[in-house]
Amino acid sequence: MKPSISDYFYTIMGSVLVGVLCAVALFMFTYKGPARLDGILCNLMAVFALGVAFFPCNVSDGNYACNIICRPPDDLRNTVHYSSATGLFLVQAVMSLWLFRRTDKADPGKQKRSRNSVYLVCGIIMVVAMAGILSLKVFHLEKKLAHFRPTYWLELITLWAFGISWLVKGEIVLQDTPPIKHSK
């Protein structure tokens, strides 16, 4: 198991990682959403996903005998990668915590209130996981906890939380019930 999801770039799964990030970027570029702000945030997410894909991080564990492809350490590329990953996670959290929870109705209804609770929980999970990743970096805990791969698990939790939030936003679950039409 690699220390982070991004480290899979240097394995046989590197093409899959880049392909998934490009697919996410394409989807986000083409999705405009119900309001202009949706489109702006989705475009930002797409740019950040491409940044993660095309500017791979330096190998975390210092082992440059990579399985498939190897790139020597590069501070600029590494900075672009981590800035893009941070931006991607932050936009996802903003979408869950704020954008998805907006409504223009005084009483949004039971299902919308339930969806808003899911968005809030998912957003909080994302923020806590991102704070965990930041703590690992700031307090230099990654090497001490390397056996547990905490960055990998926190990244995965963040992505799952956003995925759940996105599916709920698409009303795969907790969809509004259509109003009952009364015949005259």
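## Some points on the packing of aromatic side chains
Part 1 of the argument: As enumerated under the stated definition, the model contains ten aromatic pairs in all.
Part 2 of the argument: Ring centres of Tyr 8 and Tyr 152 lie 6.2 Å apart, and the angle between their planes is 55°; on these two criteria the pair is classed as tilted. Of this pair, Tyr 8 sits in the segment before α1 (14-30) while Tyr 152 sits in helix α5 (residues 150-169); the two residues are 144 residues apart in sequence, bridging distant segments of the chain.
Part 3 of the argument: The rings of Phe 27, Tyr 31, Phe 100, Tyr 119, Phe 162 and Trp 166 are connected pair by pair, giving a single aromatic cluster.
Part 4 of the argument: The ring of Trp 98 has Arg 102 lying over it, and the distance from NZ or CZ to the ring centre is 5.4 Å.

## Regarding helix α3 (residues 75-99)
Part 1 of the argument: Here α3 is 25 residues long and its end C-alpha atoms lie 34 Å apart, about the 36 Å a rise of 1.5 Å per residue gives.
Part 2 of the argument: You can read the cap of α3 off the contacts: a side-chain oxygen lies 2.9 Å from the backbone nitrogen of Leu 76, and it is on Asp 74.

## Considering the layout of surface pockets
Part 1 of the argument: By volume, the largest pocket amounts to about 1,400 Å³.
Part 2 of the argument: Counting only elements with at least two residues in the lining of the largest pocket, the list comes to α1, α2 (36-54), α3, α4 (110-138) and α5.
Part 3 of the argument: At ten residues, the largest contribution of residues to the lining of the largest pocket is made by α5.
Part 4 of the argument: Considering only residue class, the lining of the largest pocket consists of 32 nonpolar, nine polar and seven charged.
Part 5 of the argument: Volume-wise, the second largest pocket comes out at about 320 Å³.
Part 6 of the argument: Forming the boundary of the second largest pocket are 16 residues, of which Arg 102, Thr 103, Asp 104, Lys 112 and Lys 169 lie nearest the centre.

## Concerning unusual backbone geometry
Part 1 of the argument: One non-glycine residue with positive phi stands out, namely His 140, at about 50°.
Part 2 of the argument: One can find His 140 in the loop between α4 and α5.
Part 3 of the argument: Accessibility expressed as a relative area gives 62% for His 140, which makes it exposed.
Part 4 of the argument: In this structure, Arg 149 is a non-glycine residue whose phi angle is positive, near 55°.
Part 5 of the argument: Residue placement: Arg 149 occurs in the loop between α4 and α5.
Part 6 of the argument: A relative accessible area of 26% places Arg 149 in the partly exposed class.

## A closer look at the pattern of salt bridges
Part 1 of the argument: According to the stated counting rule, one finds two salt bridges in the structure shown.
Part 2 of the argument: Across the pair Arg 115 and Glu 171 runs a salt bridge whose closest N-O atoms are separated by 3.7 Å. Placement of the pair is Arg 115 in helix α4 and Glu 171 in the segment after α5, with a sequence separation of 56 residues.
Part 3 of the argument: On the accessibility criterion, Arg 115 (4% relative accessible area) is buried.
Part 4 of the argument: For the salt bridge of Lys 137 with Glu 142, the shortest nitrogen-to-oxygen distance reads 3.1 Å.
Part 5 of the argument: Taking relative accessible area as the criterion, Glu 142 reaches 27% and is therefore assigned partly exposed.

Reading the values: the criteria
Residues numbered from 1 in each chain as written. Predicted model: local features only at pLDDT ≥ 70, side-chain atom pairs only at ≥ 80, totals over all residues. Heavy atoms only, no water. Phe/Tyr/Trp six-rings, centres within 6.5 Å; stacked < 30°, edge-to-face > 60°. Helix = DSSP H or I, 4+ residues; strand = E, 2+ residues; numbered from the N terminus. Lys NZ or Arg CZ within 6 Å of the ring centre and 35° of its normal. Expected span 1.5 Å × (residues − 1). Polar contact = N/O pair within 3.5 Å; in protein donor to acceptor, adjacent residues only side chain to side chain. 1 Å grid on protein atoms, 1.4 Å probe; cavity = no way out; pocket = protein on both sides within 12 Å on 5 of 7 lines; lining within 4 Å. Points joined across faces, edges and corners; volume = space filled by probe spheres on them. Nonpolar A, V, L, I, M, F, W, Y, C, P; charged D, E, K, R; others polar. Buried < 20%, exposed > 50% of the residue type's maximum accessible area, 1.4 Å probe, protein only. Salt bridge = Lys/Arg side-chain N within 4 Å of Asp/Glu carboxyl O.

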